[in-house]
Amino acid sequence: MKRIVLASNNRGKIREFNELLTDLEIEVHPQGEFGVPEVEETGLTFVENAILKARHASLHTGLPAIADDSGIEVDALNGAPGIYSARYAGVGAGDAANVEKLLEALQEIPEAERAARFQCLLVYMRHGSDPTPIICQGTWEGRILFEPVGENGFGYDPVFHVPTHICSAAELPPDVKNALSHRGQALRQLVSRLKG
């Protein structure tokens, strides 16, 4: 079993990554297991932040690293929260506070103008000084609901309407979510590139 460090301690992400990578005999471990400190996300784009995180984790552990930077872009908010999705309500704020702030920002926006998408930029670095990391991108289109619905998932899933299934992302079973999601798309690209 090949060990790869994930530049995150998010349990939801770790579960999703391991579910999608089991066939490749890859085991993903959170960076916290290795005492890797969080790196400051100073990039201005998802891909810059993902590269910063993957390089940092790989340099600290000596292992190949995967990092993703993902978030939700809302058209009515000019793409916000975007790269600030995880800290939209402030550093250290949890999912509920971020969702609440998003719903407040969209309070006056009608249903037809609530288009949004999840973006995931995924980076795989073979080693800490890898000059050609593998970069994959997934995009999941939908719209923002008026209130949270569903118990599955994490982050903005309870307010993200999935038009193909007429429910929120938090109402999807994990295998269906993985088949549709931005992270699932990016991970499948990575898996096919690692196989090739």
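Residues numbered from 1 in each chain as written. Predicted model: local features only at pLDDT ≥ 70, side-chain atom pairs only at ≥ 80, totals over all residues. Heavy atoms only, no water.

As annotated in an unreviewed UniProt entry, the protein chain carries the name dITP/XTP pyrophosphatase and is attributed to Thioalbus denitrificans. UniProt's Subunit (unreviewed entry) comment on the protein chain is quoted here verbatim: "Homodimer." (UniProt positions renumbered as here; feature names shortened; annotations may be inferred.)

(A) How the structure looks around the packing of helix α1 (residues 11-21) against helix α5 (residues 182-195). In contact at an axis separation of 10 Å, α1 and α5 are set at 40° when each is read in the N-to-C sense. When the axes of α1 and α5 are compared, the pair comes out oblique. Here α1 and α5 pass one another in a crossing that is right-handed. Residues K13, E16, F17, L20 and L21 of α1 form the contact with α5, whose own contacting residues are R183, G184, L187, R188 and V191. Classifying every residue of the contact of α1 with α5 gives five nonpolar, one polar and four charged. (Axes fitted to C-alpha atoms, helices over the stretch in contact; angles between N-to-C directions. Helix = DSSP H or I, 4+ residues; strand = E, 2+ residues; numbered from the N terminus. Parallel < 35°, antiparallel > 145°, perpendicular 65-115°, else oblique. Left-handed = near helix turned anticlockwise from the far one by under 90°. Contact = heavy atoms within 4.5 Å. Nonpolar A, V, L, I, M, F, W, Y, C, P; charged D, E, K, R; others polar.)

(B) Quick look at the environment of S58. Counting through the fold element by element, S58 comes out in helix α2 (residues 46-61). Each C-alpha atom of the pair S58 and N18 lies 18 Å from the other, and the pair is 40 residues apart in sequence. Discounting chain neighbours no more than four positions away, the residues touching S58 are L63, P64, A65, H127 and G128.

(C) Seen up close, the UniProt feature "active site" (unreviewed entry) in the protein chain. UniProt marks D69 with the feature "active site" (unreviewed entry), using the numbering shown here. Structurally, D69 can be placed in strand β3 (residues 65-74). Those residues in contact with D69, other than ones at most four positions away along the chain, are E41, T45, F46, N49, A50, K53, I83, Q119, C120 and L121. Within the structure, the side chain of D69 is placed 3.4 Å from the side chain of N49, a separation counted as a polar contact. (Polar contact = N/O pair within 3.5 Å; in protein donor to acceptor, adjacent residues only side chain to side chain.)

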